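Survey of secondary and tertiary structure
Each chain, written out:
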Amino acid sequence: MTSTSNAPTWWDDAVVYQIYPRSFNDSTPDDATADAIAGDGVGDIPGIVEKLDYIADLGVDVVWLTPVYDSPLNDYGYDVRDYRSTLDEFGTMRDWERLRDGLHERDVRLIMDLVVNHTSSEHEWFERSRRKEDPYIDYYVWRESDDGPPNNWDSLFGGPAWTYDEVRGAYYLHLFDETQPDLNWTNPAVREDVYEMMRWWLDKDVDGFRMDVINFISKTDGLPDGHPSEVVTGSEHFINGPHVEEYLWEMHDEVLADYDVLTVGEMPGISVEDALAYAGTDAPLDMVFHFEHMRLDEGEADPWNFSDWKLTDLKETFTLWQEGLYPDGWNALYLNNHDQPRMVSRFGDDEAYRVESAKLLGTLLHTLRGTPFVYQGEEIGMTNVPFESVDEFTDVETIRYVERMLERDDVENFDDIGDAVRYGSRDNARTPVQWNDSANAGFTTGEPWLTVNPNYTEINVESARADTDSVWHYYRRLIDLRHDHDVLVSGRYELLLPDHPEIYAYLRRGEEQRALVVLNFSTEPSRFELPEEVSVDDPTLLLANYDVDAQDSPAGVRLRPYEARVYLLD
Ligand code: ISL
């Protein structure tokens, strides 16, 4: 039974590892079961199977697999053509079963991506809906209009959210790419089909779902025009729409309640109050991804207009969510994923202090209250990519943005926007995992589908595992720490020194113990003084990313650049 209460669950102290299969590992051609897809330059499911021991060695408890379903790949799998089969170039359903079994044998659970706000325009439902075939006529959001799009809504990937379909002679809604038509959730038959598909996967022993933009599924009745001042026009009518909670409860009652699974909703644009309604004590889901810390360096009017972020804002954001979801909610913690730049390039220092800052960020991720989600490559401190030309980008969101900007009079060529695109593109997260220093970082024996970051000769799994001071070994310790110390799982978060510009410090207060986390987010040394009211009885250093003198008292410390320490205080 999925949890609607605060009762203990199997994922309380779990760490989730996110795999983006296209970029994880391409199987090697001598693997007899995977001939057709091995060495084709695209990561695949047999390639993940080859790395099962790697995943288990890291110590994670759950794998979240981003979409492996049949898809024309306009949005690399977030455009699903068939929910019940795997994409040929990723492997067969039999390969997927080997992956599931291999994970389960190693006590690692598997959660799948559920992409049901929209399908691909090549999905059979859409093909039949555009031909007005029963029962699919109303499976999507169609509107007839003689004078342009039915309302002024924008797509999140830019341009209007409506496209005219010649076959049906009507416009259809797509909040993302035009090849990703939105399903019509007001139609009970759509919802029943989705639930049936979910049961089909759960009956295959899937351990849960990450639900793609699940708070977008309900739109304001009548689809009214949006306020033009919103960053994405219309978003107030399709984010957290009127029936989201009702549909999620229905999904809970009809599907989730029968299985002991983990559900995490991806929910851009939610507040703490929304999160409690969707995933609080008496709520249909278990946890949600919010985006507030991902917005700290984005422009108000144009998200791609990046600026420096401030540590005080980062602290304020995390504190709002840590306090707001205590005790009735639970955070899904992440600093990067397949849609975001690499965390060490964004929130750390990917040059002089790459290792130190990757460890510091990992410390933050694993010592907050919630479930940490580690994105592939994060555990070795992979960085953003020095893309050289516009042709190297493959991500639909990036390409659409570049196209739009190049149409503007004030943008002459790619160089005018190159820095922003290189910093913010989702492709930064999608370059192949760097396994070793051989050709193509050991990712493929063929031609990789996306640039390999040239720093792979230095940053790779093999060298990280050989070096006990590496980010990889530190992550292993962080994961163990959560398993071993309940205070880091359930203790209440309490921010210290809210206004300190360089140091992020907080307590976790458990029933019997307290932990102290001190992080210097700076390339310069900084002095940390524990506020007087915080008592230190018998401190134990649990983990640090520099050598620390055992006699050092956590009460007053000179922290080195990007130094991170975790203490038990009692
Ligand atoms: O990626 C983003 C910012 O760079 C977001 O706008 C993103 O599109 C949003 O978070 C929703 O993401 C999810 O749904 C998209 C898909 O492209 C993303 O990969 C997925 O994580 C549409 O399915």
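Residues numbered from 1 in each chain as written. Predicted model: local features only at pLDDT ≥ 70, side-chain atom pairs only at ≥ 80, totals over all residues. Heavy atoms only, no water.

1. With respect to the overall build of the chain
Let me state the cut-off plainly: Under the scheme used here, helices are H or I runs from DSSP no shorter than 4 residues and strands are E runs no shorter than 2 residues, and both carry numbers assigned from the N terminus. Every radius of gyration here is taken over C-alpha atoms, with the globule rule written as 2.2 Å times N^0.38, N being the number of residues. Relative accessibility under 20% of the residue-type maximum defines a buried residue, over 50% an exposed one, and the middle range a partly exposed one, all with a 1.4 Å probe and only protein chains included. Note on definitions: a residue-residue contact is assigned when non-hydrogen atoms from the two residues lie within 4.5 Å. Accessible surface area values rest on a Shrake-Rupley calculation with a 1.4 Å probe, where residue burial reflects the displayed protein chains alone. Charge convention: Lys and Arg are scored as positive, Asp and Glu as negative, and His as well as the terminal groups of each chain are ignored. Taken as the charge location is NZ of Lys, CZ of Arg, CG of Asp or CD of Glu.
Assigned secondary structure in the chain consists of 18 helices and 20 strands. The C-alpha atoms of the chain give 24 Å as radius of gyration, which agrees with the globular expectation for 570 residues (25 Å, within 12%). Along the three orthogonal principal directions, the C-alpha set of the chain runs to about 75 × 55 × 50 Å. Burial status across the chain gives 61% buried among its 570 residues. Counting only contacts in the chain whose residues sit at least 6 apart along the sequence, the fraction spanning at least 24 positions is 69%. Accessible surface computed for the chain: about 21500 Å², of which carbon and sulfur atoms make up 43%. In the chain, 46 positive and 118 negative side-chain charges are present, and the distance between their average locations comes to 2 Å.

2. Some points on the site of the ligand
Rules: The cutoff for a nearby residue is simple: one of its non-hydrogen atoms must lie within 4 Å of the molecule or strand. For the purposes of these results, a polar contact is taken to be a pair of N or O atoms within 3.5 Å, where, inside protein, one atom must be able to donate a hydrogen and its partner to accept one; residues adjacent in sequence count only when each atom of the pair is a side-chain atom. Following the grouping adopted for this structure description, the nonpolar residues are Ala, Val, Leu, Ile, Met, Phe, Trp, Tyr, Cys and Pro, the charged ones are Asp, Glu, Lys and Arg, and the polar ones are all others, Gly among them.
Asp-75, His-118, Asp-212, His-338 and Asp-339 are the nearest of the 16 residues found near the ligand. Here an oxygen atom of the ligand sits 3.0 Å away from a polar atom, N or O, in the side chain of Arg-210. In the complex, 94% of the free accessible area of the ligand, which totals 490 Å², lies under the protein chains. Split into classes, the residues belonging to the shell around the ligand amount to five nonpolar, three polar and eight charged.

3. Side note on the domain arrangement of the chain
Here is the rule: Per the annotation, domain bounds derive from an automatic or database assignment of domains. Buried area is a sum: the accessible area each of two parts loses on coming together, probed at 1.4 Å, counted once for each and added. Between Lys or Arg on one side and Asp or Glu on the other, a salt bridge is scored when a side-chain nitrogen of the former is within 4 Å of a carboxyl oxygen of the latter.
What the domain assignment lists for the chain is domain 1 (16–122 + 182–462) and domain 2 (485–568). Placing a centre on the C-alpha atoms of domain 1 and another on those of domain 2 gives a separation of 31 Å. Domain 1 puts 25 residues into the contact, and the matching count from domain 2 is 29 residues. For the pairing of domain 1 and domain 2, the buried interface totals around 2200 Å² over both sides, and the portion due to carbon and sulfur atoms is 69%. Summed over the shared surface of domain 1 and domain 2, the result is zero salt bridges. Where the side of domain 1 that touches domain 2 is concerned, the elements lending two or more residues are α10 (311–324) and α12 (354–367). Classifying every residue of the side of domain 1 that touches domain 2 by side-chain character gives 12 nonpolar, seven polar and six charged.

4. Observations concerning the pairing of strand β7 (residues 162–165)
To keep things clear, this is the line we draw: Two strands are counted as paired when DSSP detects at least two bridges linking them.
Relative to strand β8 (residues 170–173), β7 runs antiparallel, the two being bridged by four bridges. Looking across to β8, one finds that Tyr-164 is bridged to Tyr-171. Hairpin remark: β7 followed by β8, antiparallel, with four residues in the connecting loop; positive phi at Gly-169, about 70°.

5. Overview of the pattern of salt bridges
Using the criterion set out here, one finds 39 salt bridges in the structure. For Glu-529, the salt bridge is made with Arg-527, and the minimal N-O distance between the two is 2.8 Å. Residue class for Glu-529 comes out partly exposed when judged on its relative accessible area of 44%. A salt bridge links Glu-563 to Arg-560; the shortest N-O distance between them is 2.9 Å. By sharing partners, the salt bridges in this structure join Asp-75, Asp-339, Asp-395, Glu-397, Arg-426 and Arg-430 into a single network.

6. Notes on the nonpolar core
Across soluble globular proteins, you tend to see nonpolar side chains buried next to one another. Cut-off, in case you're wondering: Put simply, buried Ala, Val, Leu, Ile, Met, Phe, Trp, Tyr and Cys residues joined by side-chain atoms within 4.5 Å make one nonpolar core.
Of all hydrophobic cores here, the largest spans 143 residues; its most connected members are Ile-55, Trp-96, Met-112, Met-198, Met-251, Tyr-504 and Phe-521. Both domains that meet at this core, namely domain 1 (16–122 + 182–462) and domain 2 (485–568), each give it at least three residues. Filtering out sequence-adjacent residues up to four positions away, Ile-55 remains in contact with Tyr-17, Ile-19, Phe-24, Ile-48, Val-60, Val-63 and Leu-103.

7. A word on the packing of aromatic side chains
Going by this rule: We call Phe, Tyr and Trp rings a pair once their centres come within 6.5 Å, taking the six-membered ring for Trp, and we label the pair stacked below 30 degrees between planes, edge-to-face above 60, and tilted otherwise. Consider the ring centre and the ring normal. A charge sits over the ring if Lys NZ or Arg CZ is within 6 Å of that centre and within 35 degrees of that normal.
By the definition in use, this model includes 40 aromatic pairs. Ring centres of Trp-125 and Tyr-139 lie 5.4 Å apart, and the angle between their planes is 70°; this geometry places the pair in the edge-to-face category. With Trp-125 in helix α5 (residues 124–130) and Tyr-139 in the loop between α5 and β6 (142–143), this pair connects stretches of sequence that are 14 residues apart. For the residue pair Trp-125 and Tyr-139, the accessibility class agrees, reading buried in each case. Put simply, the rings of Tyr-69, Tyr-83, Trp-96, Trp-125, Tyr-136, Tyr-139, Trp-200 and Trp-201 pair up and form one aromatic cluster. Here Arg-22 stacks its cationic end above the ring of Trp-449, 4.4 Å away from the centre of that ring. Lying over the aromatic face of Trp-200, Lys-204 brings its terminal NZ or CZ to 4.8 Å of the ring centre.

8. Overview of unusual backbone geometry
The omega torsion of the bond from Asp-134 to Pro-135 falls at 0°, within 30 degrees of zero and hence cis. Locating Pro-135 in the fold gives a position in the loop between α5 and β6. Backbone torsion omega between Tyr-326 and Pro-327 reads -5°, so that peptide bond is classified as cis. A positive phi angle is found at Tyr-562, which is not glycine, with a value near 55°. With respect to the secondary-structure elements, Tyr-562 resides in the loop between β19 (556–559) and β20 (564–568).

9. Examining the environment of Val-244
Within the element layout of this structure, Val-244 appears in helix α8 (residues 244–254). With a relative accessible area of 0%, Val-244 lands in the buried category. Considered as a pair, Val-244 and Ile-380 are 136 residues apart in the sequence and their alpha carbons are 38 Å apart. Other than its neighbours up to four places away in sequence, Val-244 contacts Ile-214, Asn-215, Ile-217, Ser-218 and Tyr-278.

10. Section: the sheet that holds strand β5 (residues 109–114)
Heads up, the condition is: To get an axis, fit a line to the C-alpha atoms, keeping to the stretch in contact for a helix; angles then go from 0 to 180 degrees between the N-to-C directions.
One open sheet accounts for eight strands, arranged β11-β10-β9-β5-β2-β1-β13-β12; its pairing is parallel. One side of each edge strand has no neighbouring strand; the edge strands of this open sheet are β11 (287–289) and β12 (332–333). Note: strand β2 (residues 62–65) against β5, four bridges, orientation parallel. Within β5, the position partnered with Val-63 by the bridge is Leu-110. Each of β2 and β5 is contacted by helix α4 (residues 93–105), which is oriented at about 140° to β5, the strand it contacts most.

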